[in-house]
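# What the coordinates show
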Number of protein chains: 2
Amino acid sequence: MTKIEEIKLEALKPKEFIEEKIKETSSIVGSGLAINALSGGVDSAAVTLLCHKALGEKLKTYFIDNGLMRQDEPEYVVELFKKLGVHVELLDAKKEFFNALKGLTDPEEKREAITQTFYKDVFGRIVKESGAKYLLQGTNFTDVEETIAGIKRQHNILEQIGIDTEKTFGYKVIEPIIQLRKTGVREVAKALGLPEEIYKRPPFPGPALVARVIGEVTPEKIETVRQATKIVEEELSNTGAFQYLAILHEDRVTGIRDGKRDFGLQIEVRCWESKDALIGSPTRLPYETLDKLAQRISTEVPGVVSVTYNITKKPPSTIEAV
Amino acid sequence: MTKIEEIKLEALKPKEFIEEKIKETSSIVGSGLAINALSGGVDSAAVTLLCHKALGEKLKTYFIDNGLMRQDEPEYVVELFKKLGVHVELLDAKKEFFNALKGLTDPEEKREAITQTFYKDVFGRIVKESGAKYLLQGTNFTDVEETIAGIKRQHNILEQIGIDTEKTFGYKVIEPIIQLRKTGVREVAKALGLPEEIYKRPPFPGPALVARVIGEVTPEKIETVRQATKIVEEELSNTGAFQYLAILHEDRVTGIRDGKRDFGLQIEVRCWESKDALIGSPTRLPYETLDKLAQRISTEVPGVVSVTYNITKKPPSTIEAV
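Everything numeric in this text was worked out from a predicted model, so none of it was measured.

### Things to note about the pairing of strand E10 (residues 304–310) of chain A
Residue and element names in this part refer to chain A. Summarising burial for E10: seven of the seven residues are buried, a large majority. Taken together, the five bridges between strand E8 (residues 260–273) and E10 define a ladder with parallel strand orientation. The partner of Val269 across the bridge, within E10, is Tyr309.

Structure below.
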């Protein structure tokens with residue numbers, strides 16, 4: 001692997017960057033077929049739109065519904081790209097993901113199960129069936145750094161989708177935004193013509209809501225954290241914060257309902273000020289906002305008796321808890 | 001049990017209350033022998049000093065070191081009462097308590113183990129050996145209300161110390177402050193001549209630091225939450241808040257240390273505005289204070305990578321988490 005040079009925000013000219021990447025991608029793929037998975041985040045959205053400009057019908061884009069997304073996310077993303085003239089194939093893989101997660105409590109094992117199910121079982125199958133030899137990925141510069149630093153595990157996408165790189169040739173991974181950090185990606189996304197709700201969208205983790213559930217993941221727990229996430233996003237979307245999220249704890253805490261003891265659930269809210277996710281500080285939200293968050297989550301989400309707010313910086317915390 | 005009438009704060013005349021209770025206690029105990037356990041909280045401290053004024057040498061006071069106290073608590077309490085002219089017998093029962101807690105994760109079972117060990121095994125033994133027939137208790141009016149409401153379990157102290165109330169007679173429980181709420185007890189404690197550090201002391205739960213550990217309790221976890229508690233008390237003692245505490249979660253969360261992933265501990269800080277613990281709101285601490293708490297706890301307490309702050313009111317939260 002050759003060393004990847006970062007393009008700093010000061011040096012980034014979004015329009016020129018886009019032109020260059022369109023040419024580059026187009027010349028690599030030629031008359032071949034490319035494929036990519038769209039998650040709805042700004043990284044994969046930018047890559048999808050950029051490469052559709054470069055490749056048109058030669059790029060097939062899939063949205064894999066793993067059942068772990070935010071409320072109405074799959075339909076929202078497919079609709080949005082339809083308006084931009086890009087057809088996205090929606091694939092229901094909910095059962096496969098929940099089966100893979102059954103019984104797992106260790107965060108690394110949970111992340112691994114998502115990765116394996118996504119790459120080997122679902123996306124790997126599509127890639128092989130499609131006949132595509134080019135895979136587009138929304139890897140960014142922070143991902144690269146964190147992989148090198150040992151914070152994220154190394155991703156060799158070809159091995160991950162079950163393609164033996166020693167035996168097979170001709171597969172190629174294209175990562176058009178690998179030289180950019182998040183703020184750079186947002187500039188590019190804006191220049192591409194993506195709507196503000198996408199280019200300003202807070203980051204969402206690869207393993208989706210699985211990263212927001214401590215302990216074993218079940219459809220019920222995902223539903224709980226999904227509802228809490230919706231409230232957090234509604235209340236905090238106007239803060240301009242880098243990222244905001246709800247975490248469902250496995251710990252049960254004592255609460256009180258109708259005057260009786262109720263051993264219930266705890267939701268942790270995190271809201272981050274950050275440029276690139278590498279370091280971060282909790283947003284100094286007004287107490288009125290914290291009050292409203294606690295009040296809404298503990299009344300609207302069944303079973304929740306306690307809401308906390310993260311006050312730790314990254315490091316030693318991380319953005320996500322799982 | 002006859003109905004207990006609350007003495008409201010407006011109606012309370014501390015000096016007269018003390019005089020009356022001294023007479024009452026003295027006339028009940030007569031030439032008998034009384035016994036009580038001092039925990040270091042304002043309730044039992046007030047009862048201890050009030051009844052020593054009434055009974056002198058006829059009252060024996062014990063401090064039972066269960067290994068679950070705040071840092072240097074046993075020595076601190078014994079010394080403080082020595083200065084007030086009251087001898088307190090210090091009893092080391094650490095092993096008994098940790099043995100009773102082994103393997104327990106359910107909060108109710110943990111509380112029950114503490115209660116059983118305290119009353120049946122340790123205090124029950126002392127009561128029977130001492131020959132005392134009068135037991136002094138620091139029960140207050142909020143305890144009574146919460147017992148009736150089903151939030152706390154009913155305490156029949158005689159049954160709890162293993163004395164069969166149907167077979168034995170002559171045992172009597174005296175509860176001098178049962179008509180007062182916390183603020184009233186503080187007034188009385190002040191009028192009794194207890195130092196400010198006692199009469200202004202935030203409440204501390206009966207099961208001590210066990211109430212601050214989610215999941216199984218071990219000496220190591222108690223040490224972790226003890227260190228966090230010390231920091232929380234140092235940083236928040238000048239806030240005038242009703243109560244402030246640190247909770248060690250069982251959930252592990254992802255953190256980052258020296259650039260590497262570190263699957264670590266989480267401490268939850270709670271700080272309460274309340275008059276009587278019946279309802280409460282999180283104190284609106286300045287973010288500078290929250291920052292400092294998070295920074296100190298995550299650097300000074302080994303293993304901690306994340307600190308949160310409770311933002312939920314009581315109800316639906318409770319003051320403590322276990």
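The structure having been displayed, the exposition proceeds.
### Points about the confidence of the model for chain A
On average, residues of chain A score 91 in pLDDT, and 94% of them reach the 70 mark or higher. The complex prediction reports pTM at 0.80, with the ipTM value standing at 0.78.

### Some thoughts on the relation of the copies chain A and chain B
Each copy of the sequence occupies a distinct position, and chain A is placed on chain B by a rotation of 180° and an axial shift of 0.0 Å, giving an RMSD of 0.0 Å. Taken together, these values place the two copies in the relation of a two-fold axis. Residue Tyr309 of chain A of chain A places its C-alpha closer to the rotation axis than any other residue of that unit, at 2.6 Å.

### Re the pairing of strand E7 (residues 253–257) of chain A
Residue and element names in this part refer to chain A. Of all five residues in E7, four are buried, a share of seventy percent or more. In this sheet, E8 lies alongside E7 in antiparallel orientation, the contact comprising five bridges. The partner of Gly255 across the bridge, within E8, is Asp262. Where E7 folds back on E8, the antiparallel hairpin that results is connected by two residues, among which Asp258 adopts a positive phi of roughly 50°.

### Structural notes on the interface of chain A and chain B
Residue-level contacts link 49 residues of chain A with 49 residues of chain B. Across the chain A-chain B interface, the total number found is eight salt bridges. One salt bridge in this structure joins Arg284 of chain A and Asp291 of chain B, with 2.8 Å as the shortest N-O distance. Linking chain A with chain B are 28 residue pairs in polar contact (both at pLDDT 80 or more), by the criterion used here. Of the residues in the side of chain A that touches chain B, the class split is 19 nonpolar, 14 polar and 16 charged. Inspection of the sheet shows E10 of chain A paired to strand E10 (residues 304–310) of chain B by three bridges, in the antiparallel sense. Paired with Tyr309 of chain A across the bridge in E10 of chain B is Tyr309 of chain B.

### A short note on the packing of aromatic side chains
Residue and element names in this part refer to chain A. Tallied over the full model, the rule gives five aromatic pairs over all chains. Consider the rings of Phe118 and Tyr119, whose centres lie 4.9 Å apart with planes at 90°: the pair is edge-to-face. According to the relative accessible area criterion, Tyr119 is buried, its value standing at 12%. With a centroid separation of 5.5 Å and an interplanar angle of 20°, the aromatic rings of Phe118 and Phe123 are classed as stacked. Overall, Phe123 belongs to the buried group, its relative accessible area being 2%. One cation-aromatic arrangement involves Arg70 over Phe204; the distance from NZ or CZ to the ring centre is 3.8 Å.

### Overview of the pattern of salt bridges
One pass over the structure, following the stated rule, counts 48 salt bridges over all chains. Linking Asp291 of chain A and Lys313 of chain B is a salt bridge whose minimum nitrogen-to-oxygen distance equals 3.5 Å. Taken together, the positions of Asp291 of chain A in helix H11 (residues 287–300) and Lys313 of chain B in the segment after E10 put the pair across two chains. Of the residues examined, Lys313 of chain B reaches a relative accessible area of 37% and is grouped as partly exposed. Two residues, Glu223 of chain B and Arg226 of chain B, come together in a salt bridge whose shortest N-O distance is 3.0 Å. With Glu223 of chain B and Arg226 of chain B both in helix H10 (residues 219–236) and three residues apart, the pair spans about one turn of that helix. Classification of Glu223 of chain B by relative accessible area gives partly exposed; the value is 31%. On the basis of relative accessibility, which here comes to 15%, the residue Arg226 of chain B falls in the buried class. Linked through salt bridges whose partners overlap, the residues forming this network are Lys230, Glu234, Glu235, Lys292, Arg296 and Glu300 of chain A.

### Remarks on the nonpolar core
Core analysis: the largest hydrophobic core is formed by 100 residues, its most contacted members being Leu68 and Ile297 of chain A together with Leu68 and Ile297 of chain B. Sequence-distant contacts of Ile297 of chain A, that is, excluding residues within four places in its chain, are made with Ala228, Ile231, Val232, Ile267, Val269, Val304 and Val307 of chain A.

### Details of the sheet that holds strand E4 (residues 134–136) of chain A
Residue and element names in this part refer to chain A. Taken in spatial order, the five strands of this open sheet run E3-E2-E1-E4-E5, and their pairing is parallel. Bordering the open sheet on either side are strand E3 (88–92) and strand E5 (172–174), each of which pairs with just one other strand. Taking each pair of neighbouring strands and ignoring which way they run, the sheet shows an average axis angle of 30°. Examined bridge by bridge, strand E2 (residues 59–65) and E3 share five bridges and lie parallel to one another. Along E3, the bridge assignment pairs Asp65 with Asp92.

### So, the sheet that holds strand E5 (residues 172–174) of chain B
All names here are of chain B. With respect to topology, five strands assemble into an open sheet ordered E3-E2-E1-E4-E5, the strand pairing being parallel. Each edge of the open sheet carries a strand with a single partner, namely strand E3 (88–92) and E5. Adjacent strand axes in the sheet meet at a mean angle of 30° when their direction is disregarded. Where strand E1 (residues 34–37) meets strand E4 (residues 134–136), three bridges bridge the pair, whose relative direction is parallel. Opposite Asn36, over in E4, you have Leu136 as the bridge partner. On the sheet, helix H1 (residues 14–29) packs against E1, E4 and E5 and is oriented at approximately 170° with respect to E5. Across the sheet, helix H2 (residues 42–55) lies against E1, strand E2 (59–65) and E4, angled at about 155° from E2, the strand it touches most.

### Overview of unusual backbone geometry
In this model, Lys314 of chain A is joined to Pro315 of chain A through a cis peptide bond whose omega is -15°. Residue placement: Pro315 of chain A occurs in the segment after E10. With an omega of 10°, the peptide bond between Pro315 of chain B and Pro316 of chain B qualifies as cis. Its location among the elements puts Pro316 of chain B in the segment after E10. Despite not being glycine, Ala208 of chain B has its phi angle at roughly 50°, a positive value. Within the secondary structure, Ala208 of chain B sits in the loop between helix H9 (196–199) and H10. Despite not being glycine, Asp258 of chain B has its phi angle at roughly 50°, a positive value. Mapped onto the fold, Asp258 of chain B is located in the loop between strand E7 (253–257) and strand E8 (260–273).

Conventions we followed
Residues numbered from 1 in each chain as written. Chains lettered and ligands numbered in written order. Predicted model: local features only at pLDDT ≥ 70, side-chain atom pairs only at ≥ 80, totals over all residues. Heavy atoms only, no water. Buried < 20%, exposed > 50% of the residue type's maximum accessible area, 1.4 Å probe, protein only. Helix = DSSP H or I, 4+ residues; strand = E, 2+ residues; numbered from the N terminus. Pairing = 2+ DSSP bridges. pLDDT = per-residue confidence, 0-100. Least-squares fit on C-alpha atoms with pLDDT ≥ 70 in both. Contact = heavy atoms within 4.5 Å. Salt bridge = Lys/Arg side-chain N within 4 Å of Asp/Glu carboxyl O. Polar contact = N/O pair within 3.5 Å; in protein donor to acceptor, adjacent residues only side chain to side chain. Nonpolar A, V, L, I, M, F, W, Y, C, P; charged D, E, K, R; others polar. Phe/Tyr/Trp six-rings, centres within 6.5 Å; stacked < 30°, edge-to-face > 60°. Lys NZ or Arg CZ within 6 Å of the ring centre and 35° of its normal. Core = buried A, V, L, I, M, F, W, Y, C linked by side-chain atoms within 4.5 Å. Axes fitted to C-alpha atoms, helices over the stretch in contact; angles between N-to-C directions.

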